[in-house]
Amino acid sequence: MVKSLIAKSLNQALEALDNHSYQIVAGGTDMLIQNRSHTGMPIGYKQDIIYINLIDELNYIKEDKENIYIGANTRLETILESDITPKILKDVILEMASPAIRHTATLAGNIGNASPAGDSLVVLYLLDCKLEIKSINNTRTVFLKDFITGVRKIALNNNELITKLIIPKTNFTNIYFRKVGPRLSDAISKLSFAGGYLIENNQIKDLRIALGAVYITIIRSREIEKEFIGITVDELVENKEKLIKAYEPLIKPIDDQRSNRNYRKKVALNLIKEFISKIEEA
Amino acid sequence: MKDISKSINKVDNEEKISGSAKYTADIKIEGMLFAMTLRSSIRKGEIKNISYPDLPKGYYIIDYKDVQGKNVVKVIFDDMPIFTEKKISYLYEPIALVIGPDKQKIVEIIDMIEIEYKEEEPLLAWTDSVLDYHFDKGIGLKAFDEADKVITYDYQTGYQEQAYIETQGFIGYPEGEKTTLIGSIQCPYYVKNALIQALGEREENVRVIQSTVGGAFGGKEEFPSLMGCQLAVAVKKIKKPIQLIYEREEDMLVTTKRHPAKINFEAAIKDNKIYGLKAKVGIDAGATIGLSGVVLSRALLACTGAYTIDNLDISGNVYRTNTVPNGAFRGFGAPQMMFAIEMFVEHIAQDLNINPLEFRNSIVAKQNDLTSTSGIYRDPILMPEMIEKAIEVSNYLEKKKTYSNPNIYKGIGMSYFFHGCGFTGSGEKDTIKARVKLRKTKDNKAEILIAAVDMGQGVKTTFRKLVANILEIGIEDVIFNNPDTDFVPDSGPTVASRTMMIVGGLVARATREIKKRWHEKEFIVEKEYEQPEYIKYDEKTFKGDAYPAYSWGVNVVEVEVDKTTYQVKIVKTWSVYDGGKAIDERIVFGQADGGLAQGIGYGYLEVMNHKDGRIQQKNMTDYIIPTALDMCDMETYLYDNPYAYGPYGAKGVGELTLVGGAPAVAKAIENAINKRVYKIPVTPEYIMELIDNGKN
Amino acid sequence: MAKIKFKLNDKTVELESDINRRLLDVLRDDFSLTGPKEGCGEGECGACAVLLNQKIVNSCCTPLANVDGQEIVTIEGFSKTKRYQIIKDAFSEMGGVQCGFCTPGMVIAAESLLNKNPHPTDQEIRIALSGNLCRCTGYNMIVKAIKKAAKDGEGLW
Ligand SMILES: Cc1cc2nc3c(=O)[nH]c(=O)nc-3n(C[C@H](O)[C@H](O)[C@H](O)COP(=O)(O)OP(=O)(O)OC[C@H]3O[C@@H](n4cnc5c(N)ncnc54)[C@H](O)[C@@H]3O)c2cc1C
Ligand code: FES
Ligand code: FES
């Protein structure tokens, strides 16, 4: 039988992690399903477990001038209901799972799970989200994009814990998220898209595109974005095909039980097109 | 007397809403053991050797060697072993039950069992035809000699999983000599008869009781007989109470599903009319035939949809493949055919440049027309009025026109359909021979003794209402407990939309007799099915009246298609049904909503497929059924068209409400994207292909 | 094994148990509360729904560890309330119940919604139900029932 522990304070958790190798469970909505055994039997964890869900000090959403700070334990529904939360983040959370899951699940869990179909990741990548990571005697900050290294792979040491998300406040003219799931709610994405832009004096000041579930990690290419920043809206529209072409080779989806590669690829490109059209219309 | 259609609160609402109703998994018996199933890990081949570990005390393995009767499940075509002996014909075929008090230990035991296989290449193509049916009508194929033109298309339908929210399960226990099973089932006597054969037991030593059933939709028609036999064999040997309940994944992977179908149509066109129709239908039975033959017949009989076509040449095959066996599902072959024929008639009209609506309306079946099997539609058919109503309430004509604009990506579709009520052919008379009993009690109550199961469709309420209404007593003075084969006669299975029409008809007859003798103290009245004189059917030639009565319907579905992602949103539905007299309107409305949601889901949302014989969608995350957000406001209208032999004029409504959903949504999508649809489900992936390469 | 203490249907309960068990199993097996049901065991269907601190959660993906010190209400507990009566009557009158397997979960979802939003629109009701699968009703009558409950229970939420 695996060993398991409930941590009720951050310190307790960090100490425990420092002394022993545990797998972390927050809301558990990924962990319980992935380790499901049988009805009536305990969860079939393969590693010792530390439960962090009851650590209240990690349950908050705050802001200052530059950033929004979301504690690792803050439930999705709490984030959804907060006035501080940027609309784009609300949009994505509203499309994640169902109310019951949102009352339990956390963004840190969505990140920790590091699935290419993790919905919040697309938006968090777009917003240049950073993570605060703590161990008993160290605190570090890392960009989300550098934290997720592959399918279900994260750069987290055994003795560390994600403690908060740091989301820079960014000015966008418009920003939007689209989830393409097999049905209209409560479903895992076939793919997803987030795009944001800032236009001042008819000039593209900022342009960001992120795509989910069409590669092993979220796709976001600063190189491509940079090429199109600084030009005018008309120039962007003229170069629409070029932009789409630039993304094309990055999109390498798979066939699975939910969809197929052709569809994912084509719709991903359609979504970029639609995004440019929106800029054009605006 | 009150109008019986006026709704009352369902009698089981209270216990279901409060969570106190007991479903199979809620029943605990002292000392109950758990059973888990050992299954094959190959798709086809033979077991060369199997070695069981030494079992700890209190643990058991039950396999084919323990079957004292016949090692085959009694269904219709008996070709499914209870436990396989050697031969493996599909992935996860059951080999044994491992039983004991602790599940953890059972899992460990299963892990220790070593099986050596001789593996063979599975057959997945539809080449092994095991049943082959053919019939014609009028001048049959000769119609094609006179044709001006022949139009032909192929249509395809996929699997559909019943996805009842309560999975399959039983609890079994010994009662002295007797083996008793409580389970989530539709047909207590199917299970009982299967048990008698499996155990080689006398009838009185087998007892089957229905627990509250959390949805069935055909999925708990014949499949429970397999589980029931396995468990009964174990109970009889071990002599302890045992629970066998599938978890979702096991349920999805091994239980029966709707048969995938391929349908090829050819129409002989003469004077811009369908003069003759040729259909070739194939369905995939999976690894065993079971009741596939009956499913195929129902599909073939529905080949003309709600239309009359004078000359037919209809053939069909059941193919066996090394995949999970398919079986009963609400509609039973009709949904596949109704999709195909509705699309085909529409496509013919388009090819002929005739307004599809006028074309369809000109051939809708009328009273006294000949059915596909040259029987007669004896009762009035209200389709013209019903179509009129559907068009009016949905604003169909205007929307259809507006949405034809290719830039709007909205669509509206309308299906016409029917469903034959009761068993196909002479099934009621020759095989089922339903019997019902009614007891008048000392304290002036009436007890209904039938084997019909309330699986949510409201039988407990409607039957009590029926009897109370005739006797002019309160509904609380009518008793109707869950069927227990020790007390109720075999009134037949709860399938084929037969329950109210056939069983209800018998109960009504019995009740009238009780009413005459009401002054007597205590007595039982028994009634047996008598086929109306005029019904004659020849199963071999497919000639005559295949059903005693027909229910009819029109569905209108409105959709929006997202032009970027090709996702479909269902906007609203309007339905008009003639299911005879409604014994309780609200219950019929409930059937209407639920059936249509399943039919629409089948048409655009519910994807299930196998890859090399492995089902790809093995849980509710991957097998997508509609949520509340995928569904919409649904409007339903009922037409009162009483059937003389049904109680108060009731016919069948349970299945009718499902069969029109798929063609209606498929047509709506056609309207939205201006492309033709040939297969269901119409997924976004398929819509993308159609938009890129499809035919206008 | 650890000692877990929580409030269950208004009573404080304490048990010594493996904290890696699912709340669903604890409720059904240790407390004989069989109102919450297992439909999928993977968070998808909502048949196992209960209220955790007055909000709907799926007990099949809630580890016992996560309820320590919290408040759980199952359908059995909720059925003692006035709000329940209103929801129950509305479900009966609008035809929201067929096989009933999803029903306790639906009632929990309705309570969780109305508690936060006493006057929901149809769309808000559908969102609130989006994690509760029903295969029998097509949801139409359930949505209408909740709408009715909101109206009939004016002031209760
Ligand atoms: C029915 C259902 C529907 C779902 N729908 C969606 C959906 O629509 N979109 C979507 O993206 N996801 C969905 N999910 C997946 C899941 O709910 C999310 O990924 C959720 O955000 C996980 O949060 P959690 O707190 O429950 O994570 P947990 O299961 O507790 O943890 C997930 C992973 O993160 C790690 N972790 C958690 N917290 C920390 C921390 N503080 N520091 C370091 N590591 C940590 C864990 O070790 C684990 O590896 C769904 C799940 C279910 C069951
Ligand atoms: S059993 Fe918990 S959500 Fe289905
Ligand atoms: S009433 Fe049967 S699942 Fe909802």
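Conventions and cut-offs
Here the residue numbers are simple positions, counted from 1 along each chain's written sequence. All chains are assigned letters beginning at A, and all ligands numbers beginning at 1, according to the order in which they are written. Where local features are concerned, this predicted model is filtered to residues with pLDDT of at least 70; where side-chain atom pairs are given and counted, the filter is 80 or more; whole-chain, interface and lining totals use all residues. Working from all heavy atoms in the structure, the side-chain values ignore hydrogens and water. The cutoff for a nearby residue is simple: one of its non-hydrogen atoms must lie within 4 Å of the molecule or strand. Counting of polar contacts relies on pairs of N or O atoms within 3.5 Å, with two restrictions inside protein: one atom must be capable of donating a hydrogen and the other of accepting it, and residues adjacent in sequence are counted only when both atoms are side-chain atoms. Shrake-Rupley sampling with a 1.4 Å probe provides the accessible areas, and residues are treated as covered by the protein chains on show and by no other component. Here a cavity is any set of points on a 1 Å grid over the protein atoms alone where a 1.4 Å probe fits but cannot get out, and a pocket is any open set with protein on both sides within 12 Å along at least 5 of 7 lines; a residue lines the site when it has an atom within 4 Å of a point. Grid points are joined across faces, edges and corners, and a volume is the space filled by probe spheres set on the points. Numbering goes from the N terminus for both helices and strands, where a helix is a DSSP run of H or I of at least four residues and a strand is a run of E of at least two. We call a set of buried residues a nonpolar core when its members are Ala, Val, Leu, Ile, Met, Phe, Trp, Tyr or Cys and they connect through side-chain atoms within 4.5 Å of each other. Burial classes: relative accessible area under 20% of the type maximum marks a residue as buried, over 50% as exposed, and values in between as partly exposed (1.4 Å probe, protein chains only). In this description, contact between two residues means that some pair of their heavy atoms is separated by no more than 4.5 Å. Throughout, the edges of the domains are those of an automatic or database domain assignment. Buried surface area refers to the total accessible area, computed with a probe of radius 1.4 Å, that the two partners give up upon joining, counted for both partners together. The patches reported here contain residues having more than 30% relative accessible area and no salt bridge. Joining distances are 9 Å for like charges and 5 Å for nonpolar side chains (Val, Leu, Ile, Met, Phe, Trp, Tyr). For this analysis, a salt bridge means a side-chain nitrogen from Lys or Arg found within 4 Å of a carboxyl oxygen belonging to Asp or Glu. Only four residue types enter the charge count: Lys and Arg as positive, Asp and Glu as negative, with His and the chain ends excluded. Working definition for charges: the position is that of NZ of Lys, CZ of Arg, CG of Asp or CD of Glu. Here the rule is simple: two strands pair whenever DSSP picks up at least two bridges between them. Between N-to-C directions, angles span 0 to 180 degrees; the directions come from axes that are lines fitted to C-alpha atoms, helices contributing only their stretch in contact.

1. So, the site of ligand 1
Right, on to step 1. In the region of ligand 1, 35 residues are neighbours, and I24, A26, T29, D30 and D119 of chain A sit closest.
Right, on to step 2. Neighbouring residues of ligand 1 are not confined to one chain but are distributed across chains A and C.
Right, on to step 3. Backbone polar atom of A97 of chain A to an oxygen atom of ligand 1: 2.9 Å apart, as the coordinates give it.
Right, on to step 4. Between ligand 1 and the protein, one listed contact pairs an oxygen atom with a backbone N or O atom of A187 of chain A at 3.4 Å.
Right, on to step 5. When ligand 1 sits alone it has 980 Å² of accessible area, and the protein chains cover 94% of it.

2. Digging into the layout of surface pockets
Residue and element names in this part refer to chain B.
Right, on to step 1. The space that makes up the second largest pocket amounts to roughly 1,100 Å³.
Right, on to step 2. Lining the second largest pocket we find 44 residues, and of these V607, M608, N609, P681 and T683 sit closest to its centre.
Right, on to step 3. Among the secondary structure elements, those contributing two or more residues to the lining of the second largest pocket are β8 (149-157), β13 (261-270), β25 (610-611), β28 (679-680) and α17 (684-693).
Right, on to step 4. Tallying contributions element by element places α17 first for the lining of the second largest pocket, with four residues.

3. Quick look at the nonpolar core
Right, on to step 1. Judged by nonpolar contacts, the single largest core of 240 residues is most densely connected at F265, F344, M383, M414, Y416, W552 and V559 of chain B.
Right, on to step 2. Looking at which element gives the most residues to this core, the answer is helix α7 (residues 334-351) of chain B, with 11 residues.
Right, on to step 3. Once you skip the residues sitting within four places of it in the chain, F265 of chain B turns out to touch I151, T152, Y153, Y155, L277, K278, A279, C303, M337, A340, I341 and F344 of chain B.
Right, on to step 4. By size, the runner-up hydrophobic cluster in this structure holds 72 residues, among which are A114, V123 and L144 of chain A together with L33 of chain C.

4. A few points about the domain arrangement of chain B
Residue and element names in this part refer to chain B.
Right, on to step 1. In terms of domains, chain B is made up of domain 1 (24-121 + 164-254), domain 2 (261-424 + 543-693) and domain 3 (427-528).
Right, on to step 2. With centres defined by C-alpha atoms, the gap from domain 1 to domain 3 works out at 32 Å.
Right, on to step 3. Contact with domain 1, which involves 20 residues of that partner, is made by 16 residues of domain 3.
Right, on to step 4. Both sides of the domain 1 and domain 3 interface together cover about 1,400 Å² of buried area, and 50% of this is carbon and sulfur.
Right, on to step 5. In terms of surface lost to domain 3, no three residues of domain 1 exceed Q186, Y189 and Q210, which account for 43% of the buried area on that side.

5. Description of a negative patch on the surface
All names here are of chain A.
Right, on to step 1. The grouping of D234, E235, E238, E280 and E281 at the surface amounts to a negative patch.
Right, on to step 2. Contributing elements (two or more residues each) for the negative patch: α10 (233-238) and α12 (261-281).
Right, on to step 3. With three residues, the top contributor of residues to the negative patch is α10.
Right, on to step 4. If you trace the backbone, E280 turns up in helix α12.

6. Quick notes on the pattern of salt bridges
Residues and elements named next belong to chain A.
Right, on to step 1. In total, this model carries 85 salt bridges over all chains according to the counting rule given.
Right, on to step 2. Note that D128 and R222 form a salt bridge whose closest N and O atoms lie 2.8 Å from each other. With a gap of 94 residues between them, D128 in the loop between α7 (119-126) and β6 (130-135) and R222 in helix α9 (residues 222-228) connect regions that are remote in the sequence.
Right, on to step 3. The exposure class of D128 is buried, given its relative accessible area of 19%.
Right, on to step 4. Via salt bridges that share partners, D128, D206, R208, R220, R222 and E225 belong to a single interconnected network.

7. Focus on the sheet that holds β8 of chain B
All names here are of chain B.
Right, on to step 1. Sheet architecture is open: six strands sit in the order β7-β15-β14-β13-β8-β28, paired in mixed fashion. Across the chains shown, the open sheet's two edge strands, defined by having one partner strand only, are β7 (129-137) and β28.
Right, on to step 2. Sheet topology places β8 next to β13; nine bridges connect them, and they run antiparallel. Along β13, the bridge assignment pairs T157 with A261.
Right, on to step 3. On top of the sheet, helix α6 (residues 292-301) reaches β7, β14 (273-286) and β15 (311-320); it is set at about 155° to β15, its chief contact.
Right, on to step 4. Sitting on the sheet, α7 touches β8, β13, β14 and β28, and the angle it makes with β8 is about 145°.

8. Things to note about the interface of chain A and chain C
Accessible area lost on assembly of the parts is the figure often given for the size of an interface.
Right, on to step 1. Taken together, the contacts link 34 residues of chain A with 33 residues of chain C.
Right, on to step 2. Interface of chain A and chain C: buried area, both sides summed, is about 2,700 Å²; carbon and sulfur atoms make up 54% of it.
Right, on to step 3. For the pair chain A and chain C, the interface holds five salt bridges.
Right, on to step 4. Ionic pairing is found between K116 of chain C and E77 of chain A, a salt bridge with its closest N-O pair at 2.9 Å.
Right, on to step 5. At the junction of chain A with chain C, the criterion picks out 12 residue pairs in polar contact (both at pLDDT 80 or more).
Right, on to step 6. Those elements that place two or more of their residues in the side of chain A that touches chain C are β1 (4-6), α2 (31-34), α3 (76-81) and α5 (99-102) of chain A.
Right, on to step 7. Broken down by element, the side of chain A that touches chain C gets its largest block of residues, four residues, from α5 of chain A.

9. Observations regarding the interface of chain B and chain C
Right, on to step 1. Contacts between chain B and chain C engage 53 residues on the former and 44 residues on the latter.
Right, on to step 2. Each partner contributes to the roughly 3,700 Å² buried at the junction of chain B and chain C, and carbon and sulfur atoms together form 53% of this total.
Right, on to step 3. Among the residues chain B hides against chain C, the three largest losses belong to I17, I165 and A628 of chain B. Together they make up 19% of the total.
Right, on to step 4. Our count for the contact surface shared by chain B and chain C stands at six salt bridges.
Right, on to step 5. The residue D633 of chain B makes a salt bridge to K144 of chain C at a minimum N-O spacing of 3.2 Å.

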